[in-house]
Amino acid sequence: QVQLVESGPGLVKLSDTLPLICTVSGLSLTLNDYCWSWVRQFPGKGLEWMASIDYRGSTYYSLSLGRRTTISRDTSKNLVTLKLSSVTPEDTAVYYCAESARDFWGRGTQVTVSS
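These remarks concern the structure in this document. (Residues numbered from 1 in each chain as written. Predicted model: local features only at pLDDT ≥ 70, side-chain atom pairs only at ≥ 80, totals over all residues. Heavy atoms only, no water.)

## Examining the overall build of the chain
Okay, step 1: Each helix and strand counted, the chain has 0 helices and 11 strands in total.
Okay, step 2: Helices and strands appear in the chain in the N-to-C order β-β-β-β-β-β-β-β-β-β-β.
Okay, step 3: Each principal axis of the C-alpha atoms in the chain carries an extent, and together these give about 40 × 25 × 25 Å.
Okay, step 4: Burial status across the chain gives 40% buried among its 115 residues.
Okay, step 5: Within the chain, counting contacts between residues at least 6 apart in sequence, those at least 24 apart form 51% of the total.
Okay, step 6: In the structure as shown, the chain presents an accessible area of about 6400 Å², 50% of it carried by carbon and sulfur atoms.
Okay, step 7: Charge centroids of the chain, computed over 11 positive and 10 negative side chains, lie 4 Å from each other. (Helix = DSSP H or I, 4+ residues; strand = E, 2+ residues; numbered from the N terminus. Buried < 20%, exposed > 50% of the residue type's maximum accessible area, 1.4 Å probe, protein only. Contact = heavy atoms within 4.5 Å. Areas by Shrake-Rupley, 256 points an atom, 1.4 Å probe, with all protein chains shown as cover. Lys, Arg positive; Asp, Glu negative; His and termini not counted. Charge placed at Lys NZ, Arg CZ, Asp CG, Glu CD.)

Here is the structure:
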């Protein structure tokens, strides 16, 4: 029984930093060869990969997002966190947490940036 649950503020203001948390149950973040990611989907669009952190703690980022994105983890609490700075209305999307090796996905959390 593996479960990923995303949580976020729902609404954020222009220029704020968006904090997102993925709570993972049933699987350790440090299990060999697993990689944990944040992915988002814009209305009527496909998926956009944002960032990943692997079982060693190594991080990987989308070039299009650059310095705006920071991914981290809390292994004691089994959390994968994401921070997206300087948000604009174009960041409005559904944000998902996922594990690529086993294709685990959360239900996603809606984030709307006010203008």
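## Examining the sheet that holds strand 3 (residues 18-25)
Picture the strands of a sheet paired through backbone hydrogen bonds; they go either parallel or antiparallel.
Okay, step 1: If you walk across this open sheet you meet the 4 strands as 1-3-8-7, and the pairing is antiparallel. The sheet is open, and its two borders are formed by strand 1 (3-7) and strand 7 (69-74), each paired with just one other strand. Shown here is a sheet whose adjacent strand axes are inclined to one another by a mean of 15°, direction ignored.
Okay, step 2: Taken together, the 6 bridges between strand 3 and strand 8 (residues 79-84) define a ladder with antiparallel strand orientation. Following the sheet pairing, Ile21 is matched in strand 8 by Thr81. (Pairing = 2+ DSSP bridges. Axes fitted to C-alpha atoms, helices over the stretch in contact; angles between N-to-C directions.)

## Let's talk about the pairing of strand 7
Okay, step 1: Relative to strand 8, strand 7 runs antiparallel, the two being bridged by 6 bridges. Directly across from Ser72, in strand 8, lies its bridge partner Thr81.
Okay, step 2: Hairpin connection between strand 7 and strand 8: a loop of 4 residues separates the two successive antiparallel strands, and Asn78 in this loop has a positive phi of roughly 55°.

## Digging into the packing of aromatic side chains
Okay, step 1: A complete count under the given rule lists 2 aromatic pairs for this structure.
Okay, step 2: Summarising the aromatic geometry, the rings of Tyr34 and Trp36 are spaced 6.4 Å apart at their centres and angled 25° between planes, so their arrangement reads as stacked.
Okay, step 3: We classify Trp36 as buried; its relative accessible area is 1%.
Okay, step 4: Between Tyr96 and Trp105, the aromatic rings sit 5.9 Å apart at their centres with planes inclined by 75°, giving edge-to-face as the arrangement. (Phe/Tyr/Trp six-rings, centres within 6.5 Å; stacked < 30°, edge-to-face > 60°.)

## So, the pattern of salt bridges
Okay, step 1: Here the structure, examined in full by the defined rule, presents 3 salt bridges.
Okay, step 2: With its nearest N and O atoms 2.5 Å apart, the salt bridge here joins Arg40 to Glu48.
Okay, step 3: For Arg40, a relative accessible area of 4% gives the class buried.
Okay, step 4: We note a salt bridge from Arg40 to Asp91, for which the minimum N-O separation is 2.9 Å. Of this pair, Arg40 sits in strand 4 (residues 35-41) while Asp91 sits in the loop between strand 8 and strand 9 (93-99), placing them 51 residues apart in sequence.
Okay, step 5: Because the salt bridges share partners, they merge into one network encompassing Arg40, Glu48, Arg68 and Asp91. (Salt bridge = Lys/Arg side-chain N within 4 Å of Asp/Glu carboxyl O.)

Without other data, these values stay purely geometric and don't point to any function.
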